[in-house]
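Commentary on secondary and tertiary structure
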Number of protein chains: 2
Amino acid sequence: MTDLNAMGLAARKASYQLAGLSSNAKNGALLCLADLLEQQSETILAANSKDIEQGKSNGLTDALLDRLLLTEERLAAIAADVRMVAHLADPVGEEFDAKVLENGLRLRKRRVPVGVLGVIYEARPNVTIDVAALSLKTGNACILRGGKETTHSNKALTAIIQQALEQHGIDGNAIQSINDPDRALVAQLLKLDRYVDMIIPRGGKGLHQLCIEQSTIPVITGGIGICHIFVDESAQQAAAVDIIENAKVQRPSVCNALDTLLVHQAIADQLLPKVADRLAASGVELRLDEASSAILANHSIAQAPAGGDDFDQEWLSLVLSVRVVDDLDVAVDHIREHSTQHSDAILTESLASANAFVGAVNSAAVYVNASTRFTDGSQFGLGAEVAVSTQKLHARGPMGLTELTTYKWIGEGNYLSRS
Amino acid sequence: MTDLNAMGLAARKASYQLAGLSSNAKNGALLCLADLLEQQSETILAANSKDIEQGKSNGLTDALLDRLLLTEERLAAIAADVRMVAHLADPVGEEFDAKVLENGLRLRKRRVPVGVLGVIYEARPNVTIDVAALSLKTGNACILRGGKETTHSNKALTAIIQQALEQHGIDGNAIQSINDPDRALVAQLLKLDRYVDMIIPRGGKGLHQLCIEQSTIPVITGGIGICHIFVDESAQQAAAVDIIENAKVQRPSVCNALDTLLVHQAIADQLLPKVADRLAASGVELRLDEASSAILANHSIAQAPAGGDDFDQEWLSLVLSVRVVDDLDVAVDHIREHSTQHSDAILTESLASANAFVGAVNSAAVYVNASTRFTDGSQFGLGAEVAVSTQKLHARGPMGLTELTTYKWIGEGNYLSRS
């Protein structure tokens, strides 16, 4: 039986060592891990084959099986990512906000690892390595809980991670994986506040809701994006169509893809047919409010009236909700009501409209004349992406290495008492 | 019956207005609030008298009654604090981390209010005004839940806060107070994640635990300090005694006061009698481990053997646990095991010991040759103190105005699509 308490205690102990490692020591282990992934590819692929076989006999969809599958090529790409993480700057140890108080106390903040992370994710063995690399780089211990469909792969990968750690004198318990499929362990992990400092769910709405409701540990929620573009009356229409296409069609299955198009009533007659022409070519299906439905009634694009909670859908597919709005204020009200505060954009030539929108829409990322698709750690130049946070504490939007750290205050005096 | 959902919705709506206010507008309302507190002191004191009467008939202790009591003088001090908050710098709207990506996307972060705060506290009517002022200053709406013993006072104070807001054209629902004593409302507030963005408990361990266990909203826990001083063998002993006295005696009832003294075995024979001499004069009672007990057996200071969970006590009184440790490593292990990660200090002349301690002890504030009593928003020059966080996300240690804000990313392009 899995003893989660023992795993937590071991992770906490390992975290003390990790927090004191130099960047060189951590990078050495990372580069070793990358090498081992390639050297031991046969072992990994054999374990992965078992998961694939079981998945097939359990009737997993082709899409799920593809997520689960590892190949020589994919392993090489994963190893390359680990080498990339090794070459990123290490945020740990940085000192900032230094000042000397009038009484002589020398005060500064030092960036330190969060401690122990709990990461819960689905049947993607690449996430196991990805999270392990980011944790190690930032000096955090980590307890991983992957999908039960990847048990064999995760066991093999975790063994290799621990081998790399131990070859570099690092406690192997720094990165542990819960390989027991018992679902009760997830609930237990969420209550392990004695040892775990931060929970990162990487999965769908259900997983996030479970974490919010059950966790006694701070949770970084995010990754769910109901994203909007509002086309103001002054927008350049041809350019607007390009952005709408990019945001909806380029990669519809991701969280920063467009879900709802809001169009100013003054230009709806002109713009909507152009949008429909373009999107029809990519097989997009529209869910139209009454006004947009009237405009596009005779258009050949696949369409249906928007009903029920169509404006509260993260489509993750080639579906787009459309609403004609009276003005910017109505667009803002709609976004406040329906957005998940992930990524929302205005297209406009008006400085006043741009400023009003940016001020009023309080999403993690707010765009002017740019696609919502930019919300992404690598696009934002963070080097890596741990998660996209849509909650407001600690970090918002794409989280990189720095967001896996916290700080402590250091105060130095000359035997100084408070007066 | 109190409709918490309606209060949450009203707070959310008010938060939209608050987020857009200029510093001048917020400061105007704050200065007005300070004036009204003085002008309407009779009304406030009359309401407070009712609470005091009820408190007496309910058998509240003198200490609790004193916390509850408002006087002309205390009101004037509260008003002065509000004026001080009005004169602090406003963190909202600051932009930082600006950069231009290679594709031309202009990216920056803007500091924005968190949104709606839920603050749960005890029978201290001054906290009602304090929290209202800090919330308003940072553009956050707030739902206050004070102790049931202060219902009349809080009603009167909230009415005056809302009067100040409305006189300055601000939605009075920006600051609301739950005056219904029904305890179920606390549990409801903790689940109001649809409208409330951050929970700040200001109270004892029980309240913090309740919030951690029940809240679906991120909680800032803190304010519980089991604080340590480790006296290394190289420390200047006379100076060490001064700091130990300061940390234990100056204000024993607060969270940054000293709870446990750890003494290096090489100097325990010399140091402990001096510490006992000094602390005996202030009426301190010691809880001694075996080694320190042997050293102080014949000393006149009040003492008892440390037993059970004496090293896990936040004493909040003139009691001090004492342990003799073999070396710095044992001291660090003790602190990791027993500290609440609030404030811990080393006294030493050794640079190596100082660095090792600061590196290994991961508390919100770590001191070298300084008293633990410095952990405080005003001591740290933050201008105000919202709470002292001992959790690791968002903020650690004393939280000032900036820690009541979050940020959003703003991306501007010239009709830019992701390639």
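In what follows, the accompanying structure is described. (Residues numbered from 1 in each chain as written. Chains lettered and ligands numbered in written order. Predicted model: local features only at pLDDT ≥ 70, side-chain atom pairs only at ≥ 80, totals over all residues. Heavy atoms only, no water.)

**Quick word on the relation of the copies chain A and chain B**
Mapping chain A onto chain B leaves a residual RMSD of 0.0 Å; the transformation is a rotation of 180° accompanied by 0.0 Å of translation along its axis. Taken together, these values place the two copies in the relation of a two-fold axis. Taking C-alpha positions as reference, the residue of chain A nearest the rotation axis is A:H394, located at 1.8 Å. Comparing contact sets, 100% of the residues at the interface of chain A also lie at the interface in chain B, consistent with an isologous, same-surface contact. (Least-squares fit on C-alpha atoms with pLDDT ≥ 70 in both. Contact = heavy atoms within 4.5 Å.)

**Details of helix α13 (residues 328-338) of chain A**
Residue and element names in this part refer to chain A. Taken residue by residue, α13 has L328, A331, V332, H334, I335 and H338 as its buried positions. Down the axis of α13, the sector holding all buried residues measures 160°, keeping them to one side. The exposed set on the far side of α13, more than 90 degrees from its buried face, consists of D329 and E337. Those residues of α13 that are buried are in contact with β7 (227-231), β8 (258-264), β11 (319-325), β12 (343-347) and α14 (351-360). (Buried < 20%, exposed > 50% of the residue type's maximum accessible area, 1.4 Å probe, protein only. Helix = DSSP H or I, 4+ residues; strand = E, 2+ residues; numbered from the N terminus. Arc of directions from axis to C-beta.)

**Observations regarding the layout of surface pockets**
If you roll a probe as big as a water molecule over the atoms, it shows you where there is empty space left. Residue and element names in this part refer to chain B. Here the second largest pocket defines a volume of roughly 1600 Å³. For the second largest pocket, the lining is made up of 49 residues, of which R124, V127, R202, R251 and E385 are closest to its centre. Within the residue set of the lining of the second largest pocket, elements represented by two or more residues are α5 (72-87), α6 (125-137), β6 (198-202), α9 (205-214) and β14 (387-389). Class assignment of the residues belonging to the lining of the second largest pocket gives a composition of 23 nonpolar, 12 polar and 14 charged. (1 Å grid on protein atoms, 1.4 Å probe; cavity = no way out; pocket = protein on both sides within 12 Å on 5 of 7 lines; lining within 4 Å. Points joined across faces, edges and corners; volume = space filled by probe spheres on them. Nonpolar A, V, L, I, M, F, W, Y, C, P; charged D, E, K, R; others polar.)

**With respect to the sheet that holds strand β3 (residues 116-121) of chain A**
Residue and element names in this part refer to chain A. Across the sheet, which stays open at both edges, the 4 strands sit in the order β5-β4-β3-β6 with parallel pairing between neighbours. Two strands lie at the open edges of the sheet, namely β5 (175-177) and β6 (198-202), each paired on one side alone. Within this sheet the neighbouring strands show an average axis-to-axis angle of 20°, counted without direction. Pairing of strand β4 (residues 141-145) with β5 involves 3 bridges; the strand directions are parallel. In the sheet register, C142 faces β5, and the bridge partner there is I175. (Pairing = 2+ DSSP bridges. Axes fitted to C-alpha atoms, helices over the stretch in contact; angles between N-to-C directions.)

**Re the interface of chain A and chain B**
How big an interface is tends to be reported as the loss of accessible area on association of its parts. Each partner contributes to the interface: chain A provides 78 residues, whereas chain B provides 78 residues. Buried area between chain A and chain B, both sides added, is near 6100 Å², and the carbon and sulfur share of it is 51%. Per-residue buried area on chain A facing chain B is highest for A:W409, A:Y415 and A:R418; these three make up 17% of the total on that side. The tally of links from chain A across to chain B stands at 4 salt bridges. (Buried area = accessible area lost by both parts, 1.4 Å probe. Salt bridge = Lys/Arg side-chain N within 4 Å of Asp/Glu carboxyl O.)

**Some thoughts on the packing of aromatic side chains**
Enumeration over the complete set of coordinates arrives at 6 aromatic pairs over all chains. Each ring, one from A:F96 and one from A:Y407, has its centre 6.3 Å from the other, and the planes form 80°; the classification is edge-to-face. Of this pair, A:F96 sits in strand β1 (residues 95-100) while A:Y407 is found in strand β16 (residues 405-416), placing the two residues 311 residues apart along the sequence. An angle of 50° between the planes, with centres 4.7 Å apart, marks the rings of A:W409 and B:F380 as tilted. Taken together, the residues span two chains, with A:W409 in strand β16 and B:F380 in the loop between β13 (365-370) and β14. (Phe/Tyr/Trp six-rings, centres within 6.5 Å; stacked < 30°, edge-to-face > 60°.)

**Topic: the pairing of β13(B)**
With respect to burial, β13(B) is a largely interior element, 6 of its 6 residues being buried. Summarising the sheet, β16(A) and β13(B) pair through 5 bridges and their orientation is parallel. Bridge pairing links A:W409 to B:A365 in β13(B). Note: strand β12 (residues 343-347) of chain B against β13(B), 4 bridges, orientation parallel. Paired with B:S343 across the strands is B:A365, a residue of β13(B). Viewed along the sheet, the connection from β12(B) through helix α14 (residues 351-360) of chain B into β13(B) turns out right-handed. (Right-handed = clockwise from strand over helix to strand, strands pointing away.)

**What about the packing of helix α3 (residues 41-57) of chain A against helix α7 (residues 151-167) of chain A?**
Residue and element names in this part refer to chain A. Two elements in contact, α3 and α7, have axes whose closest approach is 7 Å; the angle formed by their N-to-C orientations is 160°. In terms of axis orientation, α3 runs roughly antiparallel to α7. As α3 runs across α7, the sense of the crossing is left-handed. Between α3, through I44, A47, N48, K50, D51 and Q54, and α7, the contact on the second element is made entirely by T151, H152, S153, A156, L157 and I160. Looking at the contact of α3 with α7 residue by residue, the classes come out as 5 nonpolar, 5 polar and 2 charged. (Parallel < 35°, antiparallel > 145°, perpendicular 65-115°, else oblique. Left-handed = near helix turned anticlockwise from the far one by under 90°.)

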